Amino acid sequence: MCGRYAVTTDPALLAAEIDAVDETEGTELDVPGYNVAPTTTVVAVVARHSREQPDDAATRRLRAMRWGLLPSWQKTLSGPPLFNARAESVAEKPAFRAALKTKRCLIPMDGWYEWQVLDDPEQVRKPRKQPMYLTPVDGTRMYIAGRWSVWRPAGAGLDVPPTLSATVLTTDAVGPLRAVHDRMPLVLTPERFDEWLSPDGPADPDLLLPPGLDVAERIEIRPVSALVNTVKNDGPELIRRAEPGSEPGQLSLL
């Protein structure tokens, strides 16, 4: 699963990093965000053709999207946000399969959070969970495979501005990451970006396979403070390494 993540880079810098046009200006983005949660407006990378020059090559664009996919046929914003989709079955699920053909995106992340269940023979009532922050050892960013949609309320005309929304694809955890959770976001490496983002047809099914072991081995598994358990908490202290304190579930920052 991937239900929280961090992204701290300004969209303008992200655009320069991946040679994209920044179309997020004027939107309310929580950047830097150290505790990004579903329904938050996040940055996503897409590739689209120009309306004026549709025969030109598709260009990368940064767009603001709601994290939690809204299928085009959904009538209202209410309902559980579809913030994750399993890569193995995304092509079969009604909520995801249509847009998977031409509306694929990348979600930039500094890292994501996962809650590891700890063995504790004295904890007889409820398993103890340790929040972990999974982030590249070298401090670079990750780009996670996602898909996106265009949504308008039922009965709304084309003059009503659409809501763009996205979901993160997850896959089987690889290598050392399996010790934390059996699932992980589908991390894509730069040489796969263009094929994944192409709006001109379905992606190669191989792009939906788990990343290689080399990718997983470059990701640090960092215990962090239980502060991340509360969505309203935000700040760099959330991603700082921590060690368990004297009370179950409580951590002392280092």
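Residues numbered from 1 in each chain as written. Predicted model: local features only at pLDDT ≥ 70, side-chain atom pairs only at ≥ 80, totals over all residues. Heavy atoms only, no water.

Draft legend 1. Here's a closer look at the side chain of arginine 104. Of note, arginine 104 is situated in strand E7 (residues 104–109). Buried charge arginine 104 goes without a salt bridge, the closest partner of opposite sign being glutamate 195 at 7.6 Å. For arginine 104, the side chain forms a polar contact with the main-chain oxygen of glycine 201, separated by 2.9 Å. (Helix = DSSP H or I, 4+ residues; strand = E, 2+ residues; numbered from the N terminus. Buried < 20%, exposed > 50% of the residue type's maximum accessible area, 1.4 Å probe, protein only. Lys, Arg positive; Asp, Glu negative; His and termini not counted. Salt bridge = Lys/Arg side-chain N within 4 Å of Asp/Glu carboxyl O. Polar contact = N/O pair within 3.5 Å; in protein donor to acceptor, adjacent residues only side chain to side chain.)

Draft legend 2. Broad picture of the pattern of salt bridges. Tallying each qualifying case throughout the model produces nine salt bridges. We note a salt bridge from aspartate 214 to arginine 218, for which the minimum N-O separation is 3.7 Å. Classification of arginine 218 by relative accessible area gives partly exposed; the value is 44%. Residue glutamate 220 is joined to arginine 241 by a salt bridge in which the shortest nitrogen-to-oxygen separation is 2.8 Å. Placement of glutamate 220 in strand E14 (residues 219–223) and of arginine 241 in the loop between E14 and strand E15 (242–244) is noted, with a sequence separation of 21 residues between them.

Draft legend 3. Structural view of the environment of asparagine 233. Positionally, asparagine 233 belongs in the loop between E14 and E15. Under the relative-accessibility criterion, asparagine 233 is labelled partly exposed at 21%. In sequence terms asparagine 233 and asparagine 35 are 198 residues apart; their C-alpha atoms lie 7.1 Å from each other. Residue contacts for asparagine 233: discarding those within four places in its chain leaves Asn35, Leu227 and Leu238. (Contact = heavy atoms within 4.5 Å.)

Draft legend 4. The arrangement of the nonpolar core in detail. In terms of nonpolar packing, the biggest core is built from 30 residues, with Tyr5, Ile107, Met109, Trp112 and Leu177 touching the most fellow members. Each residue touching methionine 109, except ones within four places of it in the same chain, is listed here: Cys2, Tyr5, Ala6, Arg141, Met142, Ile144 and Val168. The next biggest cluster of nonpolar side chains, apart from the first, holds 25 residues, and it includes Ala47, Leu62, Val90 and Leu186. (Core = buried A, V, L, I, M, F, W, Y, C linked by side-chain atoms within 4.5 Å.)

Draft legend 5. Quick peek at the state of the cysteines. For the coordinates displayed, the defined rule picks out zero disulfides. Distance from the sulfur of cysteine 2, which forms no disulfide, to the nearest cysteine sulfur (cysteine 105) is 12 Å. The buried category is assigned to cysteine 2, whose relative accessible area is 0%. (Disulfide = S-S within 2.5 Å.)

Draft legend 6. Seen up close, the packing of aromatic side chains. The final tally for this structure, using the stated rule, is four aromatic pairs. Centroid distance tyrosine 5 to tryptophan 67: 5.1 Å. Interplanar angle 65°. Geometry classified as edge-to-face. Of this pair, tyrosine 5 sits in strand E1 (residues 5–7) while tryptophan 67 sits in strand E5 (residues 59–67), placing them 62 residues apart in sequence. Judged by relative accessible area, tryptophan 67 falls into the buried class, the value being 2%. Taking NZ or CZ as reference, lysine 103 lies 5.6 Å from the ring centre of tryptophan 148, over its face. Above the ring of tryptophan 196, the side-chain terminus of arginine 104 is found at 5.6 Å from the ring centroid. (Phe/Tyr/Trp six-rings, centres within 6.5 Å; stacked < 30°, edge-to-face > 60°. Lys NZ or Arg CZ within 6 Å of the ring centre and 35° of its normal.)

Draft legend 7. Spotlight on the sheet that holds E14. With respect to topology, five strands assemble into an open sheet ordered E3-E1-E8-E9-E14, the strand pairing being antiparallel. Two strands lie at the open edges of the sheet, namely strand E3 (33–36) and E14, each paired on one side alone. Each strand of the sheet is rotated relative to its neighbour by a mean of 30°, with strand direction disregarded. Where strand E9 (residues 128–136) meets E14, five bridges bridge the pair, whose relative direction is antiparallel. (Pairing = 2+ DSSP bridges. Axes fitted to C-alpha atoms, helices over the stretch in contact; angles between N-to-C directions.)

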